[in-house]
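Fold and contact review
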Amino acid sequence: MSQRNRIQREIELSETDLKLLRLLQENADLTYAELSKHVNLSPSTVYVRIKRLKEMGIIKRIIAEIDHTRLGFEVKALIFIEAEPKKLSYVASELRKLPNVVALYDITGDYHFVAIAIAKNNNDLAKVLDDIGTIDGVRNTKTAVVLRILKEKTNIAELLK
């Protein structure tokens, strides 16, 4: 079974829905009128379809993708975090509160979490690491600083083809 057929079967999306998702992933600034031209539907029908995709939770939100390096956040790091098993929920809750932590994942392996953090410089990153280290229940961290970004994307439009 192709990936497209599996996606359609699992969440019952039409070809038009998939095309709208691809278009929005490529350019979320498109108006309903512009989208309607691509899918041969009226703007109001496109609006209803997108509203339904939002209600289904497929479209979480439509946001601007910001280049954090252009805003001075030059350092990106992956921080692997080991926590005390009885304090996993508390540690996760505290990690989510840290503004420099832009993503947090519950993972398998020797560590419980991996956080992706951005910082203006190494001193700023050191402060983030200090903040993580002071969270009650954090046992150990291991940090890998990103030297170059070889691939990073949020656009999954090509998977919807």
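**Focus on the layout of surface pockets**
As a volume, the largest pocket reaches approximately 1,500 Å³. As for the largest pocket, its lining consists of 31 residues, of which Arg-61, Ile-63, Glu-65, Thr-154 and Asn-155 are closest to the centre. Listed by contribution, the elements that provide at least two residues to the lining of the largest pocket are helix 2 (15-26), strand 2 (101-106) and strand 3 (113-119). Of the residues forming the lining of the largest pocket, the biggest block, four residues, is contributed by helix 2. Of the residues in the lining of the largest pocket, the class split is 18 nonpolar, five polar and eight charged.

**Structural notes on the environment of Gly-109**
With respect to the helices, strands and loops of the structure, Gly-109 is situated in the loop between strand 2 and strand 3. Expressed as a C-alpha distance, the spacing of Gly-109 and Glu-82, which sit 27 residues apart in the sequence, is 9.9 Å.

**Let's talk about the pairing of strand 1 (residues 75-83)**
Relative to strand 3, strand 1 is paired through seven bridges, and the arrangement is antiparallel. Bridge assignment links Ile-79 to a residue of strand 3, and that residue is Ala-115. As judged from the seven bridges shared by strand 1 and strand 4 (residues 138-145), these two strands associate in the antiparallel manner. Its bridge partner being in strand 4, Ile-81 is matched across the sheet by Thr-141.

**Thoughts on a nonpolar patch on the surface**
Taken together, Tyr-32, Tyr-47 and Val-48 make up a surface patch of nonpolar side chains, about 280 Å² in accessible area. One can find Tyr-47 in helix 4 (residues 43-55). Assessed through its relative accessible area of 41%, Tyr-47 is described here as partly exposed.

Conventions used here
- Residues numbered from 1 in each chain as written.
- Predicted model: local features only at pLDDT ≥ 70, side-chain atom pairs only at ≥ 80, totals over all residues.
- Heavy atoms only, no water.
- 1 Å grid on protein atoms, 1.4 Å probe; cavity = no way out; pocket = protein on both sides within 12 Å on 5 of 7 lines; lining within 4 Å.
- Points joined across faces, edges and corners; volume = space filled by probe spheres on them.
- Helix = DSSP H or I, 4+ residues; strand = E, 2+ residues; numbered from the N terminus.
- Nonpolar A, V, L, I, M, F, W, Y, C, P; charged D, E, K, R; others polar.
- Pairing = 2+ DSSP bridges.
- Patch = residues over 30% accessible without salt bridge, like charges linked within 9 Å, V, L, I, M, F, W, Y side chains within 5 Å.
- Areas by Shrake-Rupley, 256 points an atom, 1.4 Å probe, with all protein chains shown as cover.
- Salt bridge = Lys/Arg side-chain N within 4 Å of Asp/Glu carboxyl O.
- Buried < 20%, exposed > 50% of the residue type's maximum accessible area, 1.4 Å probe, protein only.

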